[in-house]
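For reference, the chains in residue letters:
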Amino acid sequence: MARIELSGIQKKWGAIWGVRDVNIDIADEELIVFLGPSGCGKTTTMRMIAGLEDPSEGEIRMDGEVMNDVDARDRDVAMVFQGYALYPNMTIYENIRFPLRMRDVPKVDQDRLVREAAAMVELGDLLDRKPGALSGGQRQRAALARAVVRKPQVFLMDEPLSNLDAKLRQAMRIQIKHLQRQLKITTVYVTHDQIEAMTLADRIVIMEGGLIQQIGTPDEIYSDPANTFVAGFIGAPPMNLIEGRMEDGIFTAPSIRVEGLIRNLSGPVTLGIRPEDCHVAGAEAHVEGTVFGVEPTGDMTYLTINAGDALIEVKADRDYRSDLDVPETVAFDPARIAFFDTTSGQRIR
Amino acid sequence: MSDPALTETGAATAPAPTGIRRRRSKRMKTLFPYLLVAPAVIYLLGITLYPGIYAVVQSFYAVKFGPWRPVGFENYANLMGDYQFWGALWNTFVIGSISLTIQCVLALTLAFYAYRDPWVQGWRIIFLIPMLFMPSAVAFIYKLAFLDARVFSDILIRLGLIDGNLSIQSSIWGSRALLILADVWQWTPFLFIIFVAALQGQDEEVEEAARLDGAKWGQIFWNISLPLMRPVIAVALILRGIDITTMFANVFIITKGGPAFGTETISYFIYRTGFKFFNFGYASAASVIMLILTIIIAQLVVKRAFRSGRA
Ligand SMILES: Nc1ncnc2c1ncn2[C@@H]1O[C@H](COP(=O)(O)OP(=O)(O)O)[C@@H](O)[C@H]1O
Ligand SMILES: [Mg+2]
């Protein structure tokens, strides 16, 4: 049970930046998710918390104690690797027992703890097998059991579900969240999958290019993005970002006109609106375009409108159908509109 | 290749029309790959299988200069009662196992300390240098340094560690030690390179996982790296083991099997029987026994190492 603070963390290999500047304060018992595209420095940050990588600059503290010079072995951190990193020469039982053996847990307790951990991830009947004889999901659970067995201060999980198929991934997601709540262990979870991040996280840390773009609860990240990167990264399909101009409270872009907006804004701005906050409209339309695509999914219909320079995604009613290239009008929910600085991409509040 | 169409439709005319293809008879198609490797196979069989069979046949005859005289199992029976043969077997075993153990442990230890070192990764080829020396040259160097020119004795005398020359060649264990030393010097690097490569090939994440699980470097090595290396170690041991079992050049050059046959290995025994006493049938019988022993031991090692090395 630990609080983790990262302040001014940088990691550089020669001229290559892994992480440029990371400041996070992770609360005790929190499940925090690092989310970002591949190569943004998630793994590097996690490895620095684990002690497998030394930061070039900055300080890592756990419960107020500086950990920079503490060996990985002594940080009491357990990690689930993307490739699981099970010990191929040992049975699953021996794998799960290994951390106990290395930390001199009394022999009498070892067996009980191993079986408890295995039961927690429903692995009881596979203990005699070697990792090579397990499926991806079973290996993943074995890795999880090995991590939980010694009740560490901190859990680190690096894309633990990325090798699993969609169905299994969802099942494991629920299991991980349940386990974390049950054990109350501070957890850092790395993923590039936004669904995983949204469903698991207490708070999400969005990273890009070695920098933190936003830290917030899934709700905050979704409805209150800090910049165009976050807005465009979260959501499927992501937020519509329309470049245009503001004058006298009127936003204009080719084929788009939104009136009655904030008065004190003028010049070039980017308007952001989520697809579910756009509606196929009658009279009070903001967009007059043509139908570019119609994709029914069963529970709704993805409608793409061609409006001048922009393609606007709309989550339309499940019954919505239309021919292509016919005129269509769309209205935005004015309360849900967000504005971003066109050059910097930062949110204008 | 009597059919001209066949020879012309090589790989060069890639989109071969099916008409021409069909003309290559089915039989030819199945035979063709075998024909390609036939010369190499015939050559290999010629230099291994033929002499092998020849030796097996010969081992049932008394072969001195005249005509071969069949003697059945007499050669084998005599060998069983030949204390020099048993002595040679024993010497081979003693020298071989000590030498193999030392070089294996040495190479593993060095590999363990070096394999994550970037310098070793870049320059490991230089560790091969001792292997590149001609074995007989190495043998002569050792003979000079320790026996004939007494370089080693001289150094010890000058350091004040001993009073007179060491008489290594008059001591059985001294001579054995010398053979072992020469072999270890020349072949430890070979094992070192193999072990380093095996260790470097292992998944680094697994090591990191072990570190986070609280294992020290030594524990990681014993519990994970070493068990995973079993197949590699087995192969290395077999290669080296066969080499050592047939050790000849060093014995021939450095000790000539002496003193008192104390360093006479099986190879040297066979050589002496065959080419000094011209008792070819007898020598062949000894070779056959040696061959069978080698195969049995190699089989055992391979089976053990690979069966339990599997994940
Ligand atoms: N050992 C290394 N040496 C050099 N560059 C590295 C190393 N590890 C990672 N990087 C670089 O650092 C950046 C961040 O990597 P990483 O943290 O693995 O990203 P991800 O968010 O996909 O986990 C990448 O550009 C990667 O190429
Ligand atoms: Mg990564």
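This one's a predicted model, so the numbers in the text were calculated from it and none came from an experiment.

Rules and cut-offs
- Residues numbered from 1 in each chain as written.
- Chains lettered and ligands numbered in written order.
- Predicted model: local features only at pLDDT ≥ 70, side-chain atom pairs only at ≥ 80, totals over all residues.
- Heavy atoms only, no water.
- Helix = DSSP H or I, 4+ residues; strand = E, 2+ residues; numbered from the N terminus.
- Rg over C-alpha atoms; globule rule 2.2 N^0.38 Å.
- Buried < 20%, exposed > 50% of the residue type's maximum accessible area, 1.4 Å probe, protein only.
- Contact = heavy atoms within 4.5 Å.
- Areas by Shrake-Rupley, 256 points an atom, 1.4 Å probe, with all protein chains shown as cover.
- Patch = residues over 30% accessible without salt bridge, like charges linked within 9 Å, V, L, I, M, F, W, Y side chains within 5 Å.
- Salt bridge = Lys/Arg side-chain N within 4 Å of Asp/Glu carboxyl O.
- Lys, Arg positive; Asp, Glu negative; His and termini not counted.
- Charge placed at Lys NZ, Arg CZ, Asp CG, Glu CD.
- pLDDT = per-residue confidence, 0-100.
- Buried area = accessible area lost by both parts, 1.4 Å probe.
- Polar contact = N/O pair within 3.5 Å; in protein donor to acceptor, adjacent residues only side chain to side chain.
- Nonpolar A, V, L, I, M, F, W, Y, C, P; charged D, E, K, R; others polar.
- Near = heavy atom within 4 Å.
- Domains from an automatic or database assignment.
- Phe/Tyr/Trp six-rings, centres within 6.5 Å; stacked < 30°, edge-to-face > 60°.
- Lys NZ or Arg CZ within 6 Å of the ring centre and 35° of its normal.
- Expected span 1.5 Å × (residues − 1).
- Arc of directions from axis to C-beta.

A. Quick peek at the overall build of chain B. Along its length, chain B carries 16 helices and two strands. A compact globule built from 311 residues would reach a C-alpha radius of gyration of about 19 Å, whereas chain B, at 26 Å, exceeds it by more than 25%. Along the three orthogonal principal directions, the C-alpha set of chain B runs to about 90 × 75 × 35 Å. Expressed as a percentage of the 311 residues in chain B, the buried residues total 39%. Sequence separation of 24 or more characterises 67% of the internal contacts of chain B that already satisfy a separation of 6 or more. Carbon together with sulfur atoms contributes 70% to the accessible area of chain B, which is approximately 18,100 Å² in total.

B. Focus on a negative patch on the surface. All names here are of chain A. On the surface, Asp28, Glu29, Asp63 and Glu65 cluster together to form a negatively charged patch. Mapped onto the elements of the fold, glutamate 65 is located in strand 5 (residues 65-66). On the accessibility criterion, glutamate 65 (52% relative accessible area) is exposed.

C. The confidence of the model for chain B, seen in detail. Residues and elements named next belong to chain B. In the predicted model, chain B carries a mean pLDDT of 83, and 90% of its residues have values of at least 70. Between residues 1-16, whose pLDDT stays under 50, and residues either more than four places distant or in other chains, the model counts twelve contacts. Two summary scores accompany this predicted model of the complex, namely pTM at 0.77 and ipTM at 0.83.

D. Region of interest: the interface of chain B and chain A. On the chain A side, the residues contacting the 19 residues of chain B number 26 residues. Counting the surface lost from both chain B and chain A, the interface buries some 2,000 Å², and carbon and sulfur atoms represent 58% of this. Linking chain B to chain A there are two salt bridges. Of the charged contacts, one joins Asp213(B) and Arg146(A) as a salt bridge, the two residues approaching to 3.7 Å between their closest N and O atoms. Applying the counting criterion to the chain B and chain A interface returns nine residue pairs in polar contact (both at pLDDT 80 or more). When residues of the side of chain B that touches chain A are traced back to their parent elements, those giving at least two are helix 11 (204-212) and helix 12 (217-228) of chain B. Ranked by residue count, the leading element in the side of chain B that touches chain A is helix 11 of chain B, at seven residues. By residue class, the composition of the side of chain B that touches chain A is nine nonpolar, four polar and six charged.

E. Layout of the site of ligand 1. Residue and element names in this part refer to chain A. Close to ligand 1 lie Trp13, Ile16, Trp17, Gly18, Ser38, Gly39, Cys40, Gly41, Lys42, Thr43 and Thr44, which account for all nearby residues. One of the backbone nitrogen or oxygen atoms of cysteine 40 is found 3.2 Å away from an oxygen atom of ligand 1. Note that an oxygen atom of ligand 1 is positioned 2.5 Å from one of the side-chain N or O atoms of threonine 43. Surface burial for ligand 1 is 62%, taken as the share of its 560 Å² of free accessible area covered by protein chains. Secondary structure elements with two or more residues in the shell around ligand 1: strand 2 (16-26) and helix 1 (42-50). Of the residues in the shell around ligand 1, the class split is four nonpolar, six polar and one charged.

F. Examining the domain arrangement of chain A more closely. Residues and elements named next belong to chain A. As far as domains go, chain A holds domain 1 (4-232) and domain 2 (238-348). Each of domain 1 and domain 2 has a C-alpha centre, and these two points are 38 Å apart. Counting residues at the interface gives nine residues for domain 1, matched by nine residues for domain 2. Both faces considered, domain 1 and domain 2 share a buried interface measuring about 880 Å² in area, 48% of it formed by carbon and sulfur atoms. Among the residues domain 1 hides against domain 2, the three largest losses belong to Tyr222, Thr228 and Ala231. Together they make up 52% of the total. A salt bridge links aspartate 224 to arginine 347, with the shortest nitrogen-to-oxygen separation between them at 2.6 Å. Summed over the shared surface of domain 1 and domain 2, the result is seven residue pairs in polar contact (both at pLDDT 80 or more). Those elements giving two or more residues to the side of domain 1 that touches domain 2 turn out to be helix 7 (218-223) and helix 8 (228-233).

G. Looking closely at the packing of aromatic side chains. With the rule as written, the count across this model stands at 29 aromatic pairs over all chains. Look at Tyr61(B) and Trp68(B): their rings are 5.3 Å apart centre to centre, the planes differ by 55°, and that puts the pair in the tilted class. Taking the relative accessible area as the measure of exposure, Tyr61(B) reaches 26% and is therefore partly exposed. Ring geometry for Tyr142(B) against Trp185(B): centres 6.1 Å apart, planes inclined by 55°, an arrangement best described as tilted. Taken together, the positions of Tyr142(B) in helix 8 (residues 135-148) and Trp185(B) in helix 10 (residues 172-201) put the pair 43 residues apart, joining distant regions of the chain. Relative accessible area serves as the criterion here: at 10%, Tyr142(B) is assigned to the buried category. Among the aromatic side chains, those forming a connected cluster through ring pairs are Phe248(B), Phe252(B), Tyr268(B), Tyr271(B), Phe275(B), Phe278(B) and Phe280(B). Over the ring of Tyr87(A) we find Arg146(A), and its NZ or CZ is 4.5 Å from the ring centre. Directly above the aromatic system of Tyr222(A) lies the positively charged group of Arg274(A), at a separation of 3.9 Å from the ring centroid.

H. Region of interest: helix 3 (residues 107-120) of chain A. All names here are of chain A. Taking 1.5 Å per residue as the helical rise, helix 3 with its 14 residues ought to reach 20 Å, and the 20 Å between its terminal C-alpha atoms agrees with that figure. When helix 3 is considered as a whole, its buried residues turn out to be Gln110, Leu113, Val114, Ala117 and Ala118. The buried residues of helix 3 occupy one face: seen down the axis, they fall within an arc of 130°. Turned more than 90 degrees from where helix 3 packs its buried face, Val108 and Ala119 sit exposed. The inward-facing, buried residues of helix 3 contact helix 2 (92-102) and helix 4 (136-148).

I. Fine view of a nonpolar patch on the surface. Residues and elements named next belong to chain B. Residues Leu36, Val37, Val41, Leu45, Leu49, Tyr50, Ile53, Tyr54, Val57 and Trp68 make up a contiguous nonpolar surface patch of about 930 Å² in total accessible area. With respect to the element layout, leucine 36 can be found in helix 3 (residues 26-58). Residue classification places leucine 36 among the exposed residues on the basis of a relative accessible area of 59%.

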